[in-house]
Amino acid sequence: MTIRVVLTDDQPLVRAGLRVLLADTSDIEVVGEAANGAEAVQLVRELRPDVAVMDIRMPGMDGIEATRIITAGSGNQTGADGSSGRSTEGGTGRTRVVVLTTFDDDEYVYGALRAGASGFLVKDMVLEDILGAIRVVAAGDALIAPSVTRRLIGEFAGRPEPSRRPRAIEGITEREREVLTLVGQGMSNSEIAAQLFISVATAKAHVARLFTKLDARDRVHLVIMAYESGLVSPPR
């Protein structure tokens, strides 16, 4: 099945470069291009792509606001646990967002995560990593690998919004709380299984239940919840 993608960047050369890189793949098709967030939202509503690759710093509506609007309807799509919900006002259904950014100097990545982004692309990534990221997100998962999660989320999740109190996590068991803590530390299902002396299948089942109980979009969303609730502290 072909993955339909919308590219969003205010620099035409960046969009053209990405389009050329993706043109040779048999499973990814660029169906639209936008120069700012407002255009991206409109294209997503019209074209219903699988993935929107989104820059952050753009004139007019930036990528964070566009991501928030695009992912507002994520409840209308089937989640990793097989559940589905209703679309919310302004939502655009099944489209998932990958943020296109420069990690070293972009202070808005955590804001994009909070807005609903499912992962990241860095502008100097090699082609295979870009393609892999799009495929992973289109499949309904987060593109951030556990090792990258420790570095990236640890950097940005330590910057909560002013006066924000830790978010209480309710309705989960103590074992699920343990699993959520380990997810927040960037552990994979196999690493969680080894840490808790359970099978990988059991660890996967716990994570799936967390998706359901916490209404999480993906694994990145669980990581954010672990930080925001105080279960995991950012490295110092």
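Small disclaimer: the values here were computed from a predicted structure and weren't measured.

Draft legend 1. Local environment of unusual backbone geometry. Non-glycine residue arginine 48 carries a positive phi angle of around 50°. Within the secondary structure, arginine 48 is located in the loop between α2 (37–47) and β3 (51–55). Of note in this structure, aspartate 215 is not a glycine but carries a positive phi near 55°. Structurally, the position occupied by aspartate 215 is in the loop between α9 (200–214) and α10 (219–228). Assessed through its relative accessible area of 64%, aspartate 215 is described here as exposed.

Draft legend 2. Spotlight on the sheet that holds strand β4 (residues 96–101). In space, the five strands of this open sheet follow the order β2-β1-β3-β4-β5, with parallel pairing throughout. The open sheet has two edge strands, β2 (28–34) and β5 (119–122), and neither has a second partner. Averaged over neighbouring strand pairs, the angle between their axes works out to 25° when direction is ignored. Bridge analysis of β3 against β4 gives five bridges, and the strand direction is parallel. Bridging from a neighbouring strand, valine 51 pairs with arginine 96 of β4.

Draft legend 3. Highlighting the pattern of salt bridges. Under the defined criterion, the tally for this structure stands at eight salt bridges. A network of salt bridges, in which partner residues are shared, links Arg15, Arg19 and Glu33.

Draft legend 4. Up close: the side chain of serine 118. Counting through the fold element by element, serine 118 comes out in the loop between α4 (109–115) and β5. Taking the relative accessible area as the measure of exposure, serine 118 reaches 2% and is therefore buried. A polar side-chain atom of serine 118 sits 3.2 Å from a polar atom in the side chain of arginine 96.

Calculation rules
The numbering scheme is per chain: residues are counted from 1 as the chain's sequence reads. The predicted nature of this model means local features are confined to residues of pLDDT at least 70 and side-chain atom pairs, given and counted, to a pLDDT of 80 or more, with totals for whole chains, interfaces and linings taken over all residues. Note: side-chain values were computed over all heavy atoms of the structure, leaving out hydrogens and water. Strands here mean DSSP runs of E at least two residues long; helices mean DSSP runs of H or I at least four residues long; both are numbered from the N terminus. Buried residues are those whose accessible area, probed at 1.4 Å on protein chains only, stays under 20% of the maximum for their type, while exposed residues exceed 50% and partly exposed ones sit between those limits. Here, strands pair whenever DSSP counts at least two bridges between them. Axes, fitted as lines to C-alpha atoms, cover a helix only where it is in contact. Angles between the N-to-C directions of the axes lie from 0 to 180 degrees. Any Lys or Arg side-chain nitrogen located within 4 Å of an Asp or Glu carboxyl oxygen qualifies as a salt bridge. Under this definition, polar contacts are N or O atom pairs within 3.5 Å; protein pairs additionally need one hydrogen-donor-capable and one acceptor-capable atom, and for neighbouring residues in sequence, both atoms have to be side-chain atoms.

On their own, these measurements won't tell you what the molecule is for.
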